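# Architecture at a glance
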Amino acid sequence: MLSVAGKLDAASTLTACMKTPASMPIGTQTGVHNCSVPAVRPCTCHLQIAGDKLTQLAIKHWSEAARQQEQPPAFSPQLVEQIYRQELGGGQTRPPLLRRIMLLEVSQYLEGYLWPNFDPVTSSDGHVMSMLIMVNEKFRETVPPWTAFHTHKDVFPAFFQRVLALRTPAARAQLAQHESTAYLLFMINAFQSLEDEMVRAQVLKLVSLPLWHGLSHGRLQLELAAQPALAKRWKALLKKEAKAAAAAAAKKQQQQPAGDQDAAAATAQPKELPRAEAAFLPGMLQEFLHCLRTADAKLTGQSPPAAAVTAAAAADPAADADDEDDEDAAADGSAAAADAAANGHQQPATAAGGQQQRQQRRKPGRVGKRLLVHLERFVEFLIDLLSQLPTRRFVHAVVEDQQLLVKARRSVLYSSPEGHLFRQLLDLLNFYCDFPLNDHTGEQLKEEDVVGQHYDKVCQVQRLFFKHWPQLRDLALANCAAACDPAGLKRALQGLSQDELRDLVCKQLRLVGQDDPWAQDHDFLLDVVVTAYQRRASQRAAINAMPLYPTEGLLWDATQIPTAAYSGERPLALPKLNLQFLSPSDYLLRNFHLFRLEAAYEVREDIEVALQRLQPGKDFDNNIKFKGWSKMCTPVTSFRITQVAPARVGEAHPALVHAEVVIDTRGMRGDVASGWDELKQHDVLFMLAVNPPNEDELLEMAASSNSGTAAAAAANMSLVQRVGLLAVRGAEIVEVRDEEGGLMNDFTGRVRLDERKPPKGFVRTYVLALDPAQYQLDVNATSAGTAPDVYTTFNLLLRRDAKENNFKAVLESIRDSLNEQLVIPEWLVDIFLGYGDAGAAHYTQMPDEGRIKTVDFKDTFLDAQHLINSFPHYDVTFVTGSSSSGGNGSSKISTGSGQYDPAALPAPPYKVTFPTDQQQLQIAPGSTKRGADAESTLGSTTTAAEGTASGSTKPVLLVEHYKPVNMGPYPEDKPKGNEVRFTPVQAEAVSSGVQPGLTMVVGPPGTGKTDTAVQILQVLYHNCPGQRTLLITHSNQALNDLFAKMVARDIPARYLLRLGMGERDLDVDDDFSRAGRVNNMLARRLQLLAEVERLASLLGVASAEYTCETAGYFWLLHVLSRWEKFSAAVSSAEHKGRAASVGELFPFKEYFADAPQPLFKGDSYEEDMEVAAGCFRHLRQLFQELEETRPFELLKGQADRVSYLCTKQAKVVAMTCTHAALKRREFINLGLKYDNIVMEEAGQVLEIETFIPMVLQRQEDSIARLKRVILIGDHHQLPPVVQNMAFQKYSHLDQSLFARFIRLGTPYVELNAQGRARPSIASLYNWRYGGLQDLPAVTQNPVFQAANPGFGYDYQLVNVPDFNGRGESEPMPYYYQNLGEAEYIVAVYSFMRLLGYPANKISILTTYNGQKDLIRD
């Protein structure tokens, strides 16, 4: 599909769209521009969809056209049941087809038919289940799931009660296994949507205090004793429930006949059924354990629990026909068993005879897929509940009381091959169960506190043993380490009888409920005690010991790194990045694991591509040969370990491990050899060991697999098996040497710049630093005989693109942050973790002491009317005269009433004083919003201001005009001004950005995000000149564009610094890199000293220009003293008011002889004095700049000068988020300090890459220095790039911090006027932003109004058929091309050039590198 758009920013754009992503549903666009475009020939897929029966039903019953008829079709409950049974798997043993659910979602089945016609009383369970399935599909496709429900919010509580009603025994007995899993998935999704108030209000009831009805009596007493405040609430809850139960019983008794009342009163006491909040989770826990026993029975060949047989299963003899259907029959009965277990912890022994016989004849086999997925989903559900503080608070105690982890780990499934993912999920659940956190306060426990609490608990149980258990006296007297040793603890407790152990565990330690059936299992009780008192492994220690480079074991583990085609059918043992985190450590740990796995996935892709290109094989002599070649991977000549340093104190692995690997670039193409020659220190390489099978081995494999031939056997093998990949190890380059041993690309200072020479020969030696932790693991495995020595088998060396190979530095930054005590600003920490008031960090809510009361907006406003229009919510009052405080000689002009003389208003610049009362701080109407799809604005109610001249009810905004300071007589002394007429919303963004707190700016395309960011930096610098600001972007191009605009503004160049490799592409005259700035400061020093020499010679002073120090003395003794004498003279009675005296007495006239003349006109004493003051300011600036260059004079080393530049001199430091992650350790060691962060492209940056720039400085006295965080981006445009689909859809790794803050409801300013595209083109996307307008530049400029010559439409979609019978192709993996579309777009380009369109006005965009190369060819 080709898209041709005209006049985008007075240029034309051609978009070559080769491929529609499979995840994008067809026809989901709701906004269509009313424009005549050529008809597009429908493809076969579209025709199939249009002819489908579901599409036809949608057109007839719930399409937009059907609903807008005069007599819309009547709602048919039978149709809902029919679709549910036939398309959604209702009542069937097999799940529905995903494509059928997708088709219903595309047709808007939920919002068009199910929800509008839902009735809480009459709607069937099939209707409710249909809605759950459609909501799940919306989550799978990342479509806003709850938008439809907001049309009738008042009905949602009743709908949720119907959802809970599906948990009744009768309703659950009718659900097939896949339906129960769909129900569970809906609850998972609901608990992941806590940002939606409508959903949050319902789901949090299920995990509130009544949930503790499910605790055993002993555990309940322990919890209430530890939380006195909750004990009071618990007593009040019991009274309330007892009162409600008595009222219900009385009402029921009144409804009975008089004769029956006496009998009922005599035989029964009022008893209330368990509340849904109390029974929901305990019932699901019992159902999970029942399903787990069913799975174990299938694995061992024993009979499943008898309660698995239900009426529905008994009525369907075919339910036991095969493994999958058998699974449904066994697990569907979990409802009755779960209820029985929840109420009495006993399982009724009911069974149907025929089915029981079949179950007893069962042989050991495999667990059905659907039952296994259900078990995995439930563990995922518990992980989600425990990983969010609002849901963890009461759930944690219930899960621990049930000893779910111990029970699950004792299952057969846990140790079976099918349970690999189940095991990993349980490990993740165990991590969150043991997370060091106070569940009720949310306070994270320090590691020393966790250790102290653990040993206190061990000492308590030792005292118990000593006092009441003589047979455990040895254990009671042992040291704490021995007492919590699992083997010793288990050995000591083995001597207790079953009854004694049960009394100890259930009554005294209260670890298991006395009525729990598992309490009869001796081994289970031992495991419970061992689990409770063994020393917990520190997650931080595990992270520190974890190798950072991926190995072959991780790279091809499909449960941790799934393939790209992830459908979402099964969960993953991965953390999720949702709205809330338990603590900063939890945040860092989740991001560490996900970033590590995403990096491993990218490494795996590069390895597979390289191995496919190399085509390793063996010759007749059994030697490894490579039939192909790869520019990123080359054979190794030799490899050897050269140094293994002893371990540091407290570490279990070597301090460092160095190795040398040698390659030969002879025979390589020039550009390929250059790629290997350009490698430098800290680049990451990967060493591979391959040993492909020979012909005989392939024949043996073919015989064993019945493949026939060796070629067929190889075709059936995976790539790893086909190439015989044995090992993958990463390493970092320490140094690179040529054939003669000369250092290459050395930036450590060992080789001087003038001594660098071209490399010699073709042999390259890379000294590599291996991962010491991984090396120790390999050595241990080799010595234990469980693995061969991989370091003798490496035969390939792989390099990667430098832009994609920075994962190690990012992981190190995260790990370093985990080991430090991070101090996040108090005003930001709650919002960062996802709790509290999301608007608390907005500048209107910040404390008064930090707010800037009077803001100098410099050149932000072009005139007075511009200022008035920018603050329509205030009574803008101009203060004119000599005093802004209303004293003598001053007056005020109020504009609140609209009655004022525009000619009387002063000209810019302005200083604006905001109201001191926080309640009077207002924001521009329509500018600041809250929520992901907010329509209402944020703002306080307008408060009447006292003392306003016009009587307006608006708060008063005092505006003071001031005359710009004359900085000197030269043209370059005049500051560069702003020419952009900012809109009121942009002015609100600038006002918010200059104040302390969190500022969020959403900028749709073409709305001036960059200009707004530059103005924020400009105003911030002039209002807070002593503060340092970090400027962060995602890409080098965006950073260079922003930096170039900033250079052109009124911020001295000596205060600007651009870090990173992208500085070389910066289109400015000066060099703003670190070395460039140092050289510029030294060169500037010489220029300034030359000026000092010239001034000294004119004043008759010798030896003033030698150094900055002597120049400083010269300033004090000769320049400043002369100015003071001049000031005194012209102020005397003899000369005061006499214009000619200024020019006559001015002592520096000869120095300023090269300035525009005449310097002093002699017409006005005041004007000439202002010129003289300007000249003096020029001199003062000269010597001040010399004083700032003095450290560069004193520091002799380049490294010291660079460090001083970064930490002291620069006021605005610009870098990409990647560079910030790469250099964090260096910044910390340098002692970098900064006060503000401005981040553009924030919507395209990963969460962790946004967070790292906030922690580039070491905090002092546990006080965060950071004062402002300004995030600018657009969450509606491209999210962060995550290549693995599973990490996108399941773990939400592509969620930016910017998007998360908006989901949380953080106030944001949304720019509302675009000036880039024609209005007709902008209408294609402005619906997404709600109120996006067009600037006059695109509505009045003739360039945007004229037609595009040669084109009949402003934009056009063209369907390009296959070219010569061939459409899209993939010459190599992930290298997509379409020759027909390339030919077409090139023909359009040629046509435009022939018509006279300049080449620099035409852009061709394509989504694939392969197509880009094809178009260029």
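Conventions we followed
- Residues numbered from 1 in each chain as written.
- Predicted model: local features only at pLDDT ≥ 70, side-chain atom pairs only at ≥ 80, totals over all residues.
- Heavy atoms only, no water.
- Helix = DSSP H or I, 4+ residues; strand = E, 2+ residues; numbered from the N terminus.
- Areas by Shrake-Rupley, 256 points an atom, 1.4 Å probe, with all protein chains shown as cover.
- Core = buried A, V, L, I, M, F, W, Y, C linked by side-chain atoms within 4.5 Å.
- Buried < 20%, exposed > 50% of the residue type's maximum accessible area, 1.4 Å probe, protein only.
- Contact = heavy atoms within 4.5 Å.
- Phe/Tyr/Trp six-rings, centres within 6.5 Å; stacked < 30°, edge-to-face > 60°.
- Lys NZ or Arg CZ within 6 Å of the ring centre and 35° of its normal.
- Patch = residues over 30% accessible without salt bridge, like charges linked within 9 Å, V, L, I, M, F, W, Y side chains within 5 Å.
- Salt bridge = Lys/Arg side-chain N within 4 Å of Asp/Glu carboxyl O.
- Pairing = 2+ DSSP bridges.
- Axes fitted to C-alpha atoms, helices over the stretch in contact; angles between N-to-C directions.
- Lys, Arg positive; Asp, Glu negative; His and termini not counted.
- Charge placed at Lys NZ, Arg CZ, Asp CG, Glu CD.
- Polar contact = N/O pair within 3.5 Å; in protein donor to acceptor, adjacent residues only side chain to side chain.
- pLDDT = per-residue confidence, 0-100.
- Parallel < 35°, antiparallel > 145°, perpendicular 65-115°, else oblique.
- Nonpolar A, V, L, I, M, F, W, Y, C, P; charged D, E, K, R; others polar.
- Left-handed = near helix turned anticlockwise from the far one by under 90°.
- Disulfide = S-S within 2.5 Å.

### Structural notes on the overall build of the protein
Summing up its helical and strand segments, the protein has 59 helices and 31 strands in all. Summed over its atoms, the accessible surface of the protein is roughly 64200 Å², and 52% of this surface lies on carbon and sulfur atoms.

### A short note on the nonpolar core
Residues F149, F159, M187, W212, F381 and L429 are the most contacted members of the largest nonpolar core, which totals 201 residues. The element that contributes the greatest number of residues to this core is helix α33 (residues 584–614), accounting for 15 residues. Sequence-distant contacts of L429, defined by excluding residues within four places in its chain, comprise V379, L382, I383, L386, L404 and L405. Within the second largest apolar cluster, 50 residues are counted, among which are I852, I868, L1039 and F1072.

### Points about the packing of aromatic side chains
Under the counting rule described, the total for this entry stands at 62 aromatic pairs. Between F1146 and F1152, the aromatic rings sit 6.4 Å apart at their centres with planes inclined by 40°, giving tilted as the arrangement. A connected cluster of aromatic rings, assembled from ring pairs, spans Y970, F1114, W1115, W1123, F1126, F1146, F1148, Y1151, F1152, F1160, F1176 and F1183. Of note, R473 hangs over the ring of F466, and the distance from its end group to the ring centre comes to 4.5 Å.

### Describing a nonpolar patch on the surface
A contiguous nonpolar surface patch, about 340 Å² in accessible area, is contributed by Y1113, L1116 and L1117. For L1117, a relative accessible area of 59% corresponds to the exposed category.

### Details of the environment of Q92
With respect to the element layout, Q92 can be found in the loop between α4 (77–86) and α5 (98–106). Overall, Q92 belongs to the partly exposed group, its relative accessible area being 38%. The spacing of Q92 and Q177 is 85 residues in sequence and 9.3 Å in space, taken between C-alpha atoms. The contacts of Q92, once residues within four sequence positions are left out, are R85, A176 and H178.

### Describing the pattern of salt bridges
Opposite charge on two side chains makes pairing possible when the charged atoms of those side chains draw close. Here the structure, examined in full by the defined rule, presents 65 salt bridges. As a salt-bridge pair, E651 and R648 come within 3.6 Å of each other at their nearest N and O atoms. For E651, a relative accessible area of 33% translates into the label partly exposed. One network of salt bridges, in which partners are shared, links D52, K53, E87 and R100.

### Let's talk about the sheet that holds strand β23 (residues 1236–1239)
Ordered by their spatial adjacency, 8 strands build an open sheet running β17-β25-β19-β24-β23-β20-β22-β21, and the pairing between neighbours is mixed. Of all the strands in the sheet, the pair left with one neighbour each is β17 (928–929) and β21 (1056–1058). As defined by bridge partners, strand β20 (residues 1029–1033) adjoins β23 across 4 bridges and the pair is classed as parallel. Within the sheet, the bridge partner assigned to L1030 lies in β23 and is I1237. Those strands touched by helix α43 (residues 1009–1023) are β20, β23 and β24 (1268–1273), and its axis lies near 165° from that of β24.

### Looking at a negative patch on the surface
A cluster of acidic side chains, namely E695, D696, E697 and E700, defines a negative patch on the protein surface. Tracing the backbone shows E700 in helix α35 (residues 695–705). The class for E700 is exposed, based on a relative accessible area of 58%.

### Quick notes on helix α12 (residues 217–226)
Of all the positions in α12, only G218, R219, L220, E223 and L224 are classed as buried. Where α12 is buried, its residues touch α13 (228–255) and α21 (389–402).

### A closer look at the side chain of D516
Note on placement: D516 falls in the loop between α29 (498–508) and α30 (522–533). Taking relative accessible area as the criterion, D516 reaches 6% and is therefore assigned buried. In this structure the side chain of D516 is engaged in a polar contact, spanning 2.8 Å, whose partner is the side chain of K407.

### Side note on the pairing of β24
As a general feature of sheets, a regular strand has side chains that alternate between the two faces. Counted residue by residue, β24 has 6 buried out of 6 residues, so it is predominantly covered. Burial along β24 is two-sided: the residues R1268, I1270 and I1272 and V1269, L1271 and G1273 are all buried. As paired strands, strand β19 (residues 997–1002) and β24 are joined by 6 bridges and run parallel to one another. When the bridges of β24 are listed, L998 appears paired with V1269.

### So, the confidence of the model for the protein
Note: predicted coordinates in regions of low pLDDT should not be interpreted at a detailed level. Within the protein, residue pLDDT values average 85, and 87% of them lie at 70 or more. Segment residues 6–42 is flagged for pLDDT under 50; beyond a separation of four residues in sequence, or across chains, it makes 95 contacts in the model. The low-confidence segment residues 264–273, where pLDDT is below 50, has 6 contacts with residues more than four positions distant or belonging to other chains.

### So, the packing of α5 against helix α7 (residues 125–140)
Where α5 contacts α7, the axes come no closer than 10 Å and their chain directions differ by 90°. The pairing of α5 with α7 is recorded here as roughly perpendicular in orientation. Listed contacts from α7 to L98, I101, M102, L104 and E105 of α5 are I133, M134, E137, K138 and R140. Partitioning the contact of α5 with α7 into residue classes produces 6 nonpolar, no polar and 4 charged.

### Observations concerning the packing of helix α28 (residues 486–493) against α30
Across the interface, α28 lies against α30 with an axial gap of 10 Å and an inter-helix angle of 145°. Crossing handedness for the pair α28 and α30: right-handed. Each of P486, L489, K490 and L493 in α28 lies in contact with α30, whose residues at this interface are L526, D527, V529, V530 and Y533. Of the residues belonging to the contact of α28 with α30, the class tally is 7 nonpolar, no polar and 2 charged.

### Let's talk about helix α8 (residues 156–165)
Among the residues making up α8, those that are buried are F156, F159, F160, R162, V163 and L164. Those residues of α8 that are buried are in contact with α7, α10 (177–191), α11 (197–203) and α15 (276–300).

### Notes on the side chain of Q202
Structurally, Q202 can be placed in helix α11. Ignoring anything within four residues of it in the chain, the contact list for Q202 reads F156, P157 and F160.

### Things to note about the state of the cysteines
One way to say it: the disulfide is the covalent bond shared by the sulfur atoms of two cysteines. Scanning the entire structure with this criterion turns up 0 disulfides. Looking at the unpaired C480, the closest cysteine sulfur is the one in C459, lying at 3.6 Å.

### Focus on unusual backbone geometry
Cis geometry marks the peptide bond from P908 to P909, where omega comes out at 5°. Checked against the element boundaries, P909 lands in the loop between β15 (890–894) and β16 (910–913). Looking along the chain, the bond that leaves Q1157 and enters P1158 is cis, with omega of 0°. Within the secondary structure, P1158 sits in the loop between α47 (1139–1145) and α48 (1165–1194). Here T142, not a glycine, exhibits a phi torsion of approximately 55°, which is positive. Within the secondary structure, T142 is located in the loop between α7 and α8. Owing to a relative accessible area of 57%, T142 belongs among the exposed residues under this scheme. Positive phi values are uncommon outside glycine, yet K858 reaches one of about 50°. With respect to the helices, strands and loops of the structure, K858 is situated in the loop between β13 (854–856) and α41 (864–870). Residue classification places K858 among the partly exposed residues on the basis of a relative accessible area of 22%.

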